[in-house]
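Here's the letter readout for the chains.
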Amino acid sequence: MRFCNLILWDMKFQARYGFYLLYGFLTLLYAALLFSFPEAWKEKAAAILIFSDPAAMGLFFMGAVVLLEKSQRVTSFFAVSPLSVIEYIWSKTLALNIIALVVAAVLAVSVNSRSISLVLLGTFLSGILFTLLGIIIAAKIKSLNQFILATVPIEIITFVPAVLHLFGATPEFMRIYPANVCMDMICGREFSVVGLFFTAALLVIFFYAAYRSVSKMWQCEGGEKL
Amino acid sequence: MRAICRSFLHMLKFIRHDMMLFAALTAPVLAGMAIKFIVPFIEKSLIQFTGMNAVISPYYGLFDIFFASISPAMFCYISAMVMLEEHDDHIDRYLFITGLGKNGYIISRIVIPALFAFVTTAVLLPIFRLTDLSAAQIIFLSLTGTLQGIIIALLIAALSSNKLEGMAVTKLSSLIIFGAAAPYFISSPFCFCFSFLPSFWMGKSIYDNSLIYMVPSLFVGGIQIIILQRKIMKSLI
C-alpha cells in the first residue's frame, strides 16, 4: 500500500510539473513527423525517437527531480520515514516508465510496428537502465549543470552504438551490448539472448549502485551524517 | 554597471565550479569540427553507398543554420539553468533588492551571455561553415541565432517556477530551432505555418539566398523577446 501511494504521489508530481502535457504534445509531434516520413524510414525513425526520448527520459529528468526534492527538503523526510530506499528507487523508475510506455505504444502503433509487445519490453528495459543511471548521478550532484554535463558521456556511449547498430554499422559481437539489445527490441527485431542476460546483469549492478547512492544521499542530509 | 559585471562574474564562478564553463567554451568548437569534417565524410560514404549525386549536400545550409544556433542556445541555456537554481534556492529575490535589480539581473544572466554567444558564432561560423556564406549572411545568422538563444532562456525562466518545470520547458523550447528545416522540407504556402519562429526565417533566408528575410526574422524575434521580458518581470518575485 505504501509503495502504491508512493507511485501515485510521483505520478501526481509529474502531472503537476507538466510531464503529461509535455509528452502529450511531443507524442503528437513525433507521430506527425513519422506520418510525413516515407514508408521505408518509418520503423527505424520510430525506434530512434522511442530510444532517445521516452525511454531516456529518466536520464534527462532525474537530475531535476532529485535536486528539487533536495531543495524542498523532501529527501530529509524520506530519510526518517519508514520508506525504504528500494521502494523509493522503484517508485521513481516505474512512475517515469509509465509515461515512456504509453508514448512508445502510440508511436509503435502509428508506424504499424511488427511486435508492439517487444517494443514495449525494449522501452521498459532501456527506461529502467536510463532512470537508474539518472538516479546514480542525481544523488551525487549539486546543480543542474553538473547533472547535464555528467549525462553527456552516458548519452554518447549508449546512443551512438545503438543508432549505428540500428543501421547495421556495428560488428556482430556488438549485438550483446545492452543498448543494442534494447534497440533491437524497440525496432521489433530478433535480439541476442546472451545480450539480454548481460542487460539483466547490468540492471542488477545499476540497481545496487543506485541503492548505494540514494542511501548515502539520505544519510548525508543537512550536512550531517545520520 | 558595476553590479551587473559582478553578478555576471559570480555566475561565471558558479559554472566554472561545475566544469560547465569549460564545456561551454569547447562545445561550439567540437560541434563545428563535427560539422566541418564528419558531415562531408558521411555525404561521401552515402554517395558511394546509394550511387546518387548528392544526398545531404543540398542541406548543408541547414547545418550552417544549426551551427549558428548551437552556441547561443547553449550559452543561454546554461544561464537559464543557473537562474532556475537561484530561484529554487531563493537567491534571486535577495539579488533583486540590491543595486542589481530585476533588469540588472536579466542583463547579467541573459544579455551578456548572449553577447558572448554572438561574438563566438560570428568568429566560428566562417571557420566551420559548409556553404559559401557572405559576411552579411554570417552576421545575420549570428544575430538571429543569438535572438533565438535569448528567447529560449526567457521561455525557460518565464514559464517555469522550479528546476523540474524548467527541464520540461527546455525540452519544448529547444524545438524552436527546428523551424529552420521547414522551408527545406515543407512546400509553400504550408511552410509559413512556422513563420512565427525566427528560425523559419533563417531557413528561408539561406534557402532562397535572400537577405530580405532578415527583417521578419528580427521582427518576430524582437516581438517575442519583448513579450517574454514583460512576462518574466511580472513572474520574478
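Basis of the calculations
- Residues numbered from 1 in each chain as written.
- Chains lettered and ligands numbered in written order.
- Predicted model: local features only at pLDDT ≥ 70, side-chain atom pairs only at ≥ 80, totals over all residues.
- Heavy atoms only, no water.
- Contact = heavy atoms within 4.5 Å.
- Buried area = accessible area lost by both parts, 1.4 Å probe.
- Salt bridge = Lys/Arg side-chain N within 4 Å of Asp/Glu carboxyl O.
- Polar contact = N/O pair within 3.5 Å; in protein donor to acceptor, adjacent residues only side chain to side chain.
- Helix = DSSP H or I, 4+ residues; strand = E, 2+ residues; numbered from the N terminus.
- Nonpolar A, V, L, I, M, F, W, Y, C, P; charged D, E, K, R; others polar.
- pLDDT = per-residue confidence, 0-100.
- Phe/Tyr/Trp six-rings, centres within 6.5 Å; stacked < 30°, edge-to-face > 60°.
- Buried < 20%, exposed > 50% of the residue type's maximum accessible area, 1.4 Å probe, protein only.

Q: Is there a simple way to think about the interface of chain A and chain B in this case?
A: Where interface size is given, it is often the accessible area lost as the parts come together that is meant. Each partner contributes to the interface: chain A provides 24 residues, whereas chain B provides 22 residues. Per-residue buried area on chain A facing chain B is highest for Phe60, Leu144 and Asn145 of chain A; these three make up 29% of the total on that side. Residue Asp53 of chain A is joined to Lys171 of chain B by a salt bridge in which the shortest nitrogen-to-oxygen separation is 2.7 Å. Between chain A and chain B we count 3 residue pairs in polar contact (both at pLDDT 80 or more) in total. Per-element tally for the side of chain A that touches chain B: the top contributor is helix H4 (residues 57-71) of chain A, with 7 residues. Looking at the side of chain A that touches chain B, its residues break down into 17 nonpolar, 4 polar and 3 charged.

Q: I would appreciate a short explanation of the confidence of the model for chain B in the present structure.
A: Segments scoring low in pLDDT should not have their predicted coordinates read at a detailed level. Residue and element names in this part refer to chain B. Averaged over every residue, the pLDDT of chain B is 87; the share at 70 or more is 99%. The weakest mean pLDDT in chain B belongs to helix H4 (residues 92-96) at 82; the strongest belongs to helix H9 (residues 198-207) at 92. Predicted complex metrics record ipTM = 0.77 and pTM = 0.83.

Q: Sorry, what's going on with the packing of aromatic side chains here?
A: By convention here, two paired aromatic rings are described through the distance between centres and the angle between planes. Residue and element names in this part refer to chain B. Applying the stated criterion across every chain yields a total of 27 aromatic pairs over all chains. Ring centres of Tyr59 and Phe185 lie 5.0 Å apart, and the angle between their planes is 25 degrees; on these two criteria the pair is classed as stacked. Residue Tyr59 is found in the loop between helix H2 (20-50) and helix H3 (60-88), and its partner Phe185 is found in helix H8 (residues 182-185); the two are separated by 126 residues along the sequence. Look at Phe200 and Trp201: their rings are 5.0 Å apart centre to centre, the planes differ by 80 degrees, and that puts the pair in the edge-to-face class. For Phe200, a relative accessible area of 0% corresponds to the buried category. The exposure class of Trp201 is buried, given its relative accessible area of 11%.

Q: Honestly, the environment of Cys193 of chain B in this entry has me stumped. Any pointers?
A: If you trace the backbone, Cys193 of chain B turns up in the loop between H8 and H9. Residues Cys193 of chain B and Arg16 of chain B, 177 residues apart in the sequence, show an inter-C-alpha distance of 41 Å.

Q: Explain unusual backbone geometry to me, please; I cannot follow it from the model alone.
A: What you tend to see is this: most non-glycine residues have negative phi, and most peptide bonds are trans. Residue and element names in this part refer to chain B. Here the amide bond leading from Ser188 into Pro189 is cis, since omega sits at 5 degrees, within 30 degrees of zero. With respect to the secondary-structure elements, Pro189 resides in the loop between H8 and H9. For His90, which is not glycine, the phi dihedral falls at a positive 60 degrees. By the element assignment, His90 lies in the loop between H3 and H4. What makes His90 partly exposed here is its relative accessible area of 39%. Phi at Asn209 takes a positive value of approximately 50 degrees, unusual for a residue other than glycine.

Q: In this structure, what is going on with the pattern of salt bridges? I would like to understand it.
A: Side chains that differ in sign of charge can pair as their charged atoms come close. Going through the model one piece at a time under the given rule, you end up with 11 salt bridges over all chains. Residue Glu39 of chain A pairs with Lys42 of chain A through a salt bridge whose shortest N-O separation is 3.5 Å. Taken together, the residues Glu39 of chain A and Lys42 of chain A, both in helix H3 (residues 39-52) and 3 residues apart, mark about one turn of the helix. A salt bridge links Asp208 of chain B to Lys204 of chain B; the nearest nitrogen and oxygen atoms lie 3.2 Å apart. Using a relative accessible area of 34% as the deciding quantity, one classes Asp208 of chain B as partly exposed. According to the relative accessible area criterion, Lys204 of chain B is buried, its value standing at 10%.

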